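Architecture and fold: a report
The chain contents come next:
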Amino acid sequence: MVQTNNRLKIAIQKSGRLYEDSVTLLKECGIDLRNVKDRLRTESDNFPLEVFFLRDDDIPQYVEDGVADIGIVGENVLFEKNKSVDVVEKLGFGKCRLSVAVPRSQEYKGIASLEGKRIATSYPRLVEEFLHANGVKADIHEISGSVEIAPGIGLADVVADLVSSGSTLFMNGLKEVETILQSQSVLIKNKSLDAEQQNLLHKLLFRIQAVKKAKRNKYVLLNAPNDKLKEIIALLPGMKSPTVLPLADSGWSSVHSVLSEDEFWDRIEKLKAAGAQGILVVPIEKMVI
Ligand code: PRT
Ligand code: ZN
């Protein structure tokens, strides 16, 4: 049990698309949460953290008011609510985009053709900003759910809704024509945290960044003939430089290094071509540099 009354209060989604990833992120940061099922709040026994489970739409307000010190929310909700909070870190999950979609049967002739149209959306502020930036005036109908059915039932001509795979739009006879915003989940914080809360946030952020970094990297072990070592090492960036250990079989070495996801397949092919053998790739749990 952590012996302190001072806890960092975090607001996360109670249920929905961000819930699972938010709880998993805290777990990967080594933070155990007591019995999270069907609770409105819980605490951790091994980190001074108190968790509030809320509707995602309410999280920016709670953080602005200081009821919660920090929160996890999609940028789409954050920008729509336009509350006075700071973004601390992009979290890389809950990725989607806010897009304009029109009936598939309709020919789309650019943003100007939205002039005077009825647009159904749950994001009136973001849509209005987008239209304004493009010099278009349209009639925005705010609806809170099932936006994609609006054209089919005659409520609107066009929709602006969140899209990830695109299958919901497709199934409702719509096609995506403009992207208003690319969104992902972010960690936000209250603008006036005291020194102690700030310190706890730094500790949490340090862990989040180690988890994120580990996910983007793999640990690679391979065997290299000594006469090819130089060429092989040149292909491996490593954290400082690769570890090289002699193998029992003279003339061979074991090389260990870290490769990032983006360059991974390209480098593995080149390593093989350069004479590397027995290449093992291992996930990394945490990475602190
Ligand atoms: O109850 P609460 O208010 O907390 O939840 P909610 O129903 O408002 O939100 P929820 O759980 O649906 O989504 C939470 C957050 O997840 C959103 O604010 C986004 O930041 C993020 N997110 C990521 C998405 C999607 N992807 C997504 N695809 N939110 C919603 N969708 C919906 C979209 O509205 C549409 O109905 O999924 C449908 C489209 O998906 P595709 O795959 O068919 O394109
Ligand atoms: Zn919501």
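Note that the coordinates shown come from a computational prediction; the quantities given were computed from them, not determined experimentally.

Note on the zinc ion (ligand 2): its protein donors are D56 (OD) and D57 (OD). The metal-donor distances range over 2.0 to 2.1 Å. If you look at the zinc ion (ligand 2), its 4 donor atoms make angles of 76 to 168° with each other, and the shape they trace is irregular. Its relative accessible area of 18% is what places D56 among the buried residues.

Moving on to the packing of helix α1 (residues 19-28) against helix α6 (residues 195-216). α6 packs onto α1 with a crossing angle of 100° between their chain directions and a minimal axis gap of 9 Å. Classified by the angle between their axes, α1 and α6 sit roughly perpendicular to one another. Side by side, α1 and α6 meet where L25, L26 and E28 of the first sit next to L204, I208, V211 and K215 of the second. Tallied by class, the residues present in the contact of α1 with α6 amount to 5 nonpolar, no polar and 2 charged.

Looking at the secondary structure, you find E80 in helix α3 (residues 75-81). Those residues in contact with E80 that sit more than four places away from it in its chain are S122, Y123, P124, R125 and L126.

What follows deals with the site of ligand 1. Around ligand 1, the structure places 23 residues, and the nearest of them are D57, N76, S165, G166 and T168. Contact between ligand 1 and Q13: an oxygen atom at 2.8 Å from a side-chain N or O atom of the residue. Contact distances for ligand 1 include 2.6 Å between an oxygen atom and a side-chain N or O atom of T168. Mapped onto the shell around ligand 1, the elements with two or more residues apiece are α3, β9 (158-163) and α5 (167-171).

Here the domain parsing of the protein chain yields domain 1 (8-93 + 185-214), domain 2 (96-183) and domain 3 (217-283). When each unit is reduced to the centre of its C-alpha atoms, the spacing between domain 1 and domain 2 is 30 Å. Contact residues are listed per partner, giving 7 residues for domain 1 and 9 residues for domain 2. The junction of domain 1 with domain 2 conceals about 730 Å² of combined surface from both sides, 49% of it contributed by carbon and sulfur atoms. Interface area lost by domain 1 to domain 2 is led by N76, F79 and E80, which between them contribute 71%. Between domain 1 and domain 2 we count 0 salt bridges in total. Linking domain 1 to domain 2 there are 5 residue pairs in polar contact (both at pLDDT 80 or more). The element best represented in the side of domain 1 that touches domain 2 is α3, accounting for 5 residues. Among the residues making up the side of domain 1 that touches domain 2, the classes are represented as 2 nonpolar, 3 polar and 2 charged.

Moving on to the sheet that holds strand β15 (residues 277-283). Sheet architecture is open: 4 strands sit in the order β13-β14-β12-β15, paired in antiparallel fashion. Among the strands making up the open sheet, the edge pair consists of β13 (243-246) and β15. Put simply, the sheet's adjacent strands are angled 20° from each other on average, direction ignored. Running at roughly 45° to strand β12 (residues 217-225), α6 makes contact with β12 and β14 (252-260) of the sheet. Here helix α8 (residues 264-273) sits on the sheet and contacts β12, β14 and β15; the angle it forms with β15, its principal contact strand, is near 160°.

Let us now look at the pattern of salt bridges. With the rule as written, the count across this model stands at 15 salt bridges. Its salt-bridge partner being E43, residue R7 comes within 3.7 Å of it at the nearest N-O pair. A residue pair is termed long-range when its members are at least 10 positions apart, and R7 in the segment before β1 (8-13) and E43 in strand β2 (residues 41-43) qualify at 36 residues. Here K270 ties to D266 by a salt bridge, and the two come within 3.2 Å at their closest N and O atoms. Taken together, the positions of K270 and D266, both in helix α8 and 4 residues apart, correspond to about one turn of that helix. Among the residues examined, K270 registers a relative accessible area of 41% and is labelled partly exposed. Among the residues examined, D266 registers a relative accessible area of 38% and is labelled partly exposed.

Parameters at a glance
- Residues numbered from 1 in each chain as written.
- Chains lettered and ligands numbered in written order.
- Predicted model: local features only at pLDDT ≥ 70, side-chain atom pairs only at ≥ 80, totals over all residues.
- Heavy atoms only, no water.
- Donors = N, O, S within 2.8 Å, 3.2 Å for Na, K, Ca; no water.
- Tetrahedral: all angles 85-135°; square planar, octahedral: opposite > 155°, others 65-115°.
- Buried < 20%, exposed > 50% of the residue type's maximum accessible area, 1.4 Å probe, protein only.
- Axes fitted to C-alpha atoms, helices over the stretch in contact; angles between N-to-C directions.
- Helix = DSSP H or I, 4+ residues; strand = E, 2+ residues; numbered from the N terminus.
- Parallel < 35°, antiparallel > 145°, perpendicular 65-115°, else oblique.
- Contact = heavy atoms within 4.5 Å.
- Nonpolar A, V, L, I, M, F, W, Y, C, P; charged D, E, K, R; others polar.
- Near = heavy atom within 4 Å.
- Polar contact = N/O pair within 3.5 Å; in protein donor to acceptor, adjacent residues only side chain to side chain.
- Domains from an automatic or database assignment.
- Buried area = accessible area lost by both parts, 1.4 Å probe.
- Salt bridge = Lys/Arg side-chain N within 4 Å of Asp/Glu carboxyl O.
- Pairing = 2+ DSSP bridges.

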